[in-house]
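What the coordinates show
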Amino acid sequence: MSQLEDLLADNKKFVENKGYVPFEAGGKPVKKMTVVTCMDCRLIELLPRALHLKNGDAIMIKSAGAMVEGPYSSVMKSILVSVYELGSEAVYIIGHTDCGMHGLHGSQMGADMQKRGVSDHNFEKVRDAGIQPDQWLGGFDDVADQVKDSVDIVKNHPLFPDDTPVYGLVIDPLTGELRPVA
Ligand SMILES: [Zn+2]
């Protein structure tokens, strides 16, 4: 069976067995909060448990490295939607130690892409769109600095409301311990 077939078979059982019942919730976050965190697979269950969040409690936005990459990025747009349309009253940006984006240089991923057959011509297309691939694909050197930069982007956004706090934290992906950094 392919991965997709496996997934659909498991899903069918889940629905038939009413596995969804413990997760029933409304579409507005009960705890009126937005969490921006990393897509790291160790945080799938650990982070909600460590923050005492259950289904329906918070808006969860994920990106590589919990990075808010700029005022007009998709993550920033999602934050604005969560505040204005879904009732969030605080934003928590939570990076983590041992992150895959720590020390990741765009040139390294560019080399991996070339090995997989991405041509120079295609890199040119990216540059023609006004994006420097090495810069765009890169991570960060210090997770606390990354979190602080992301907090600043949100706080200073021209469309972000002054009455909504933005907090920056770093989580340990093994123990779930949180450390405030901004
Ligand atoms: Zn990460």
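Values in this document were obtained by computation on a predicted structure and should not be read as measured data.

Remarks on the nonpolar core
Among soluble globular proteins, nonpolar side chains are generally buried collectively. Counting residues in each nonpolar core, the largest one holds 35 residues, and the members touching the most others are V36, V68, I79, V91, I93, V154 and F160. Going through the elements one at a time, β1 (33-38), α2 (43-50), β2 (58-63), α3 (74-84), β3 (91-96), α7 (143-155) and β4 (166-171) are the ones with two or more residues in this core. What V91 contacts, discounting residues up to four positions off in sequence, is T34, V36, I79, V83, F160, P165, V166 and Y167.

A word on the pairing of β1
Counting buried positions over the 6 residues of β1 gives 6, a clear majority of the element. In this structure, β1 lies alongside β2, joined through 6 bridges in parallel fashion. Looking across to β2, one finds that V36 is bridged to I61. Judged from the 4 bridges that link them, β1 and β3 form a sheet pairing that is parallel. Along β3, the bridge assignment pairs V36 with I93.

Some thoughts on the packing of aromatic side chains
Within this structure, the stated rule accounts for 1 aromatic pair. Pairing Y92 with Y167 gives two aromatic rings, centres 5.0 Å apart and planes at 35°, and the pair type is tilted. Here Y92 is found in strand β3, whereas its partner Y167 is found in strand β4, with 75 residues between them in sequence. Relative accessible area serves as the criterion here: at 24%, Y92 is assigned to the partly exposed category.

Overview of the UniProt feature "binding site: Zn(2+)" (unreviewed entry) in the protein
When the UniProt feature table is mapped onto this chain, "binding site: Zn(2+)" (unreviewed entry) is found at C38, D40, H96 and C99. In sequence the annotated residues extend across 62 residues, while in space they remain close, none of their C-alpha pairs exceeding 8.9 Å. Mapped onto the elements of the fold, C38 is located in strand β1. Ignoring sequence-local partners within four residues, the contact set of C38 consists of L43, K62, S63, A64, G65, A66, I94, H96 and C99. With respect to the element layout, H96 can be found in strand β3. Owing to a relative accessible area of 1%, H96 belongs among the buried residues under this scheme. Once you skip the residues sitting within four places of it in the chain, H96 turns out to touch C38, D40, R42, L43, V143, V170, I171 and P173.

Remarks on the environment of R49
Topologically, R49 is positioned in helix α2. Once the C-alpha coordinates of R49 and G176 are considered, the two residues, 127 residues apart in sequence, prove to be 8.3 Å apart.

A look at the pattern of salt bridges
Tallied over the entire structure, the rule returns 7 salt bridges. The shortest N-O distance in the salt bridge between K12 and E16 comes to 3.1 Å. Linking K12 with E16, this pair stays in helix α1 (residues 3-16), spanning 4 residues, or about one helical turn. The exposed category is assigned to K12, whose relative accessible area is 54%. A salt bridge links K54 to D57; its shortest N-O distance comes to 3.6 Å.

With respect to the coordination of the zinc ion
At 2.0 to 2.2 Å from the zinc ion lie its protein donor atoms, namely C38 (SG), H96 (NE2) and C99 (SG). For the zinc ion, the donor residues sit on a single chain with the sequence spacing C-x57-H-x2-C. Taken as a pair, C38 in strand β1 and C99 in the loop between β3 and α4 (106-115) lie far apart in primary sequence, 61 residues in all. Owing to a relative accessible area of 7%, C99 belongs among the buried residues under this scheme.

Basis of the calculations
Residues numbered from 1 in each chain as written. Predicted model: local features only at pLDDT ≥ 70, side-chain atom pairs only at ≥ 80, totals over all residues. Heavy atoms only, no water. Core = buried A, V, L, I, M, F, W, Y, C linked by side-chain atoms within 4.5 Å. Buried < 20%, exposed > 50% of the residue type's maximum accessible area, 1.4 Å probe, protein only. Helix = DSSP H or I, 4+ residues; strand = E, 2+ residues; numbered from the N terminus. Contact = heavy atoms within 4.5 Å. Pairing = 2+ DSSP bridges. Phe/Tyr/Trp six-rings, centres within 6.5 Å; stacked < 30°, edge-to-face > 60°. UniProt positions renumbered as here; feature names shortened; annotations may be inferred. Salt bridge = Lys/Arg side-chain N within 4 Å of Asp/Glu carboxyl O. Donors = N, O, S within 2.8 Å, 3.2 Å for Na, K, Ca; no water.

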